[in-house]
Amino acid sequence: LKLLVQPAITYGVARHGFGMSSSGNVWLAVALVLAAQPVGAGVHVFARQYGFGEDATALAIVLSLLLSLISLPVLLQLLA
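Residues numbered from 1 in each chain as written. Predicted model: local features only at pLDDT ≥ 70, side-chain atom pairs only at ≥ 80, totals over all residues. Heavy atoms only, no water.

Enquirer: What is the right way to look at the overall build of the protein in this model?
Expert: The helix and strand inventory of the protein stands at four helices and zero strands. When the helices and strands of the protein are read in sequence order from the N terminus, they spell out α-α-α-α. On C-alpha atoms alone, the protein measures out to a radius of gyration of 15 Å, which is more than a quarter above the 12 Å that the 2.2 N^0.38 rule sets for 80 residues. With respect to the principal axes defined by its C-alpha atoms, the protein has extents near 45 × 25 × 15 Å. Per-residue burial over the protein gives 21% buried out of 80 residues. (Helix = DSSP H or I, 4+ residues; strand = E, 2+ residues; numbered from the N terminus. Rg over C-alpha atoms; globule rule 2.2 N^0.38 Å. Buried < 20%, exposed > 50% of the residue type's maximum accessible area, 1.4 Å probe, protein only.)

Enquirer: Honestly, a nonpolar patch on the surface in this entry has me stumped. Any pointers?
Expert: Together, Val62, Leu66, Leu67, Leu69, Ile70, Val74 and Leu78 make up an exposed nonpolar region whose accessible area comes to about 720 Å². Here leucine 66 is to be found in helix H4 (residues 54-79). (Patch = residues over 30% accessible without salt bridge, like charges linked within 9 Å, V, L, I, M, F, W, Y side chains within 5 Å. Areas by Shrake-Rupley, 256 points an atom, 1.4 Å probe, with all protein chains shown as cover. Salt bridge = Lys/Arg side-chain N within 4 Å of Asp/Glu carboxyl O.)

Enquirer: Looking at this structure, how should I read the environment of leucine 1?
Expert: By the element assignment, leucine 1 lies in the segment before helix H1 (2-17). Taking the relative accessible area as the measure of exposure, leucine 1 reaches 83% and is therefore exposed. Along the sequence, leucine 1 and tyrosine 11 sit ten residues apart, while their C-alpha atoms lie 15 Å from each other.

Enquirer: How do you make sense of the environment of glutamine 6 when you look at a structure like this?
Expert: Along the chain, glutamine 6 turns up in helix H1. Separated by 30 residues in the primary sequence, glutamine 6 and alanine 36 place their C-alpha atoms 6.8 Å from one another. Reaching out from glutamine 6, the side chain makes a polar contact with the side chain of lysine 2 at a distance of 3.1 Å. (Polar contact = N/O pair within 3.5 Å; in protein donor to acceptor, adjacent residues only side chain to side chain.)

Enquirer: I would appreciate a short explanation of the packing of helix H2 (residues 26-35) against H4 in the present structure.
Expert: If you want to describe how two helices pack, look at the angle between their axes and the distance between the axes. Remark: H2 packs on H4, axes separated minimally by 10 Å, with the N-to-C direction vectors making an angle of 170 degrees. By the angle between their directions, the pair H2 and H4 is classed as roughly antiparallel. Classified by chirality, the crossing of H4 by H2 is right-handed. In this structure, H2 uses Ala29, Leu32 and Val33 to contact H4, whose residues at the interface are Leu72, Leu75, Leu76 and Leu79. Looking at the contact of H2 with H4 residue by residue, the class counts come to seven nonpolar, no polar and no charged. (Axes fitted to C-alpha atoms, helices over the stretch in contact; angles between N-to-C directions. Parallel < 35°, antiparallel > 145°, perpendicular 65-115°, else oblique. Left-handed = near helix turned anticlockwise from the far one by under 90°. Contact = heavy atoms within 4.5 Å. Nonpolar A, V, L, I, M, F, W, Y, C, P; charged D, E, K, R; others polar.)

Written out as structure tokens, the structure is:
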């Protein structure tokens, strides 16, 4: 969900909120690549600290990392 929804929202805000064009705009490309990054380990640190959802966050991190191995190259190809 994060690998698709967050870049889509970022694209919409950048295009319509900030008026960025999609042709050759390096700032739009950087924003989209940053938005398409997998879930960070900080989520698991908080889950572990509060003792809630540790297994679920660990699984989410691993799955989002594996899925980003597919989604990031596709996104970069679309931006090229």
